[in-house]
Amino acid sequence: MLIKNARFVTGFASGQKYSEYAADCPIPEICVVGRSNVGKSTFINMLAGQNKLARTSSTPGRTRLINIFDFNNGAFRLADLPGYGFALASKSEREDWGGLIEDYLQYSPNLKHTLLLVDSRHLPTRQDVEMTEYLYYYRMPFTVVATKCDKLKKSALSRNISDIAAALKIGRDNVIASDVSGLGRDKICEKIESVL
Ligand SMILES: Nc1nc2c(ncn2[C@@H]2O[C@H](COP(=O)(O)OP(=O)(O)OP(=O)(O)O)[C@@H](O)[C@H]2O)c(=O)[nH]1
Ligand SMILES: [Mg+2]
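Residues numbered from 1 in each chain as written. Chains lettered and ligands numbered in written order. Predicted model: local features only at pLDDT ≥ 70, side-chain atom pairs only at ≥ 80, totals over all residues.

### Observations concerning the overall build of the chain
Assigned secondary structure in the chain consists of 6 helices and 7 strands. The N-to-C order of helical and strand elements in the chain reads β-α-β-α-β-β-α-β-α-β-α-β-α. Relative to the compact-globule value of 16 Å for 196 residues, the chain shows a C-alpha radius of gyration of 16 Å, a close match. Dimensions of the chain along its principal axes, counting C-alpha atoms only, are 45 × 40 × 35 Å. Burial analysis of the chain (196 residues in total) assigns 39% to the buried set. Counting only contacts in the chain whose residues sit at least 6 apart along the sequence, the fraction spanning at least 24 positions is 72%. (Helix = DSSP H or I, 4+ residues; strand = E, 2+ residues; numbered from the N terminus. Rg over C-alpha atoms; globule rule 2.2 N^0.38 Å. Buried ≥ 20, exposed ≤ 12 C-beta atoms within 10 Å, placed from the backbone. Contact = placed C-beta atoms within 7 Å.)

### What to know about the site of ligand 1
For ligand 1, the set of nearby residues contains 23 residues, the closest of which are Gly 39, Thr 42, Thr 56, Thr 63 and Gly 83. Per-element accounting of the shell around ligand 1 gives the leading share, 3 residues, to helix H2 (residues 40–48). Tallied by class, residues from the shell around ligand 1 come to 4 nonpolar, 13 polar and 6 charged. (Near = placed C-beta within 6 Å. Nonpolar A, V, L, I, M, F, W, Y, C, P; charged D, E, K, R; others polar.)

### Let's talk about the nonpolar core
One broad trend across soluble globular proteins is that nonpolar side chains are buried collectively. Val 32, Tyr 104 and Ala 146 are the most contacted members of the largest nonpolar core, which totals 46 residues. Aside from chain neighbours lying at most four places away, what touches Ala 146 is Val 118, Ser 120, Ile 161, Ile 164, Val 175, Ala 177 and Ser 178. (Core = buried A, V, L, I, M, F, W, Y, C linked by C-beta atoms within 7 Å.)

### Regarding the pairing of strand S4 (residues 76–80)
When you tally the buried positions in S4, you get 5 out of 5 residues, the bulk of the element. Judged by which residues are buried, S4 turns out to be covered on both faces: Phe 76, Leu 78 and Asp 80 on one side and Arg 77 and Ala 79 on the other are all buried. Across 4 bridges, strand S2 (residues 29–34) lies against S4 in parallel orientation. Within S4, the position partnered with Val 32 by the bridge is Asp 80. Across 5 bridges, the pairing between strand S3 (residues 66–71) and S4 is antiparallel. (Pairing = 2+ DSSP bridges.)

### Topic: the environment of Gly 184
Its location among the elements puts Gly 184 in the loop between strand S7 (175–177) and helix H6 (185–195). With near-sequence residues (within four places) excluded, Gly 184 lies in contact with Val 145, Ile 176, Ala 177 and Ser 178.

### Here's the deal with the environment of Glu 133
Tracing the chain through its elements places Glu 133 in helix H4 (residues 126–137). In this structure Glu 133 comes out as exposed when scored by C-beta crowding, with 12 C-beta atoms within 10 Å. Put simply, Glu 133 and Leu 168 are 35 residues apart on the chain and 8.7 Å apart in space, counted from C-alpha to C-alpha.

### Overview of unusual backbone geometry
Positioned with a positive phi, Asn 37 is a non-glycine residue whose angle comes to about 80°. By the secondary structure assignment, Asn 37 is in the loop between S2 and H2. A positive phi angle is found at Lys 169, which is not glycine, with a value near 55°. Here Lys 169 shows up in the loop between helix H5 (154–167) and S7.

So this is what it looks like as structure tokens:
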């Protein structure tokens, strides 16, 4: 799968609005989930080959909506979701975001696959583990993507990928190493192709 073009479609503040909309345009969708600041929006830009498609920020809590991006003129869509576990958000906001992520996962009619992003420098958080348990429970296929690999030396990266896979109880081959410079792009594109 070669990515030829990408564009922002629209953002949704409620799971219900989103699912009404999505039911009317059955384009296969892949979502990007993970903790706040892990690099979800940066990852989407990296795949698209565009710097400013999805808004990124060094401050956690940038993405607050379900943002939908169209790739290759309707071949598939990516959903950029708000991050979880942002400690500085007010309690109601934190709960809202959790709600929005879960609403998306439960009610997205076109969801085919989930990309769970984790930080390559750290072991998965409790919420990352809960997310994998959630996806297993609902039998939703997913792939783990380790972000920010440019920040690690090769030997540390290899060790961390093994540790992340073990912590999430998945095979090492199910963790794709990625970074903003394009590492992992080909593997992700292959994965998307196999999902479609
Ligand atoms: N060095 C490096 N920095 C990265 C990489 N990916 C993301 N970042 C940085 O990490 C910060 C967060 O990136 P975002 O893409 O906004 O993260 P997000 O997961 O969308 O965050 P929320 O929308 O708040 O949930 C930004 O300062 C990015 O520049 C990467 O591969 N390498
Ligand atoms: Mg974001």
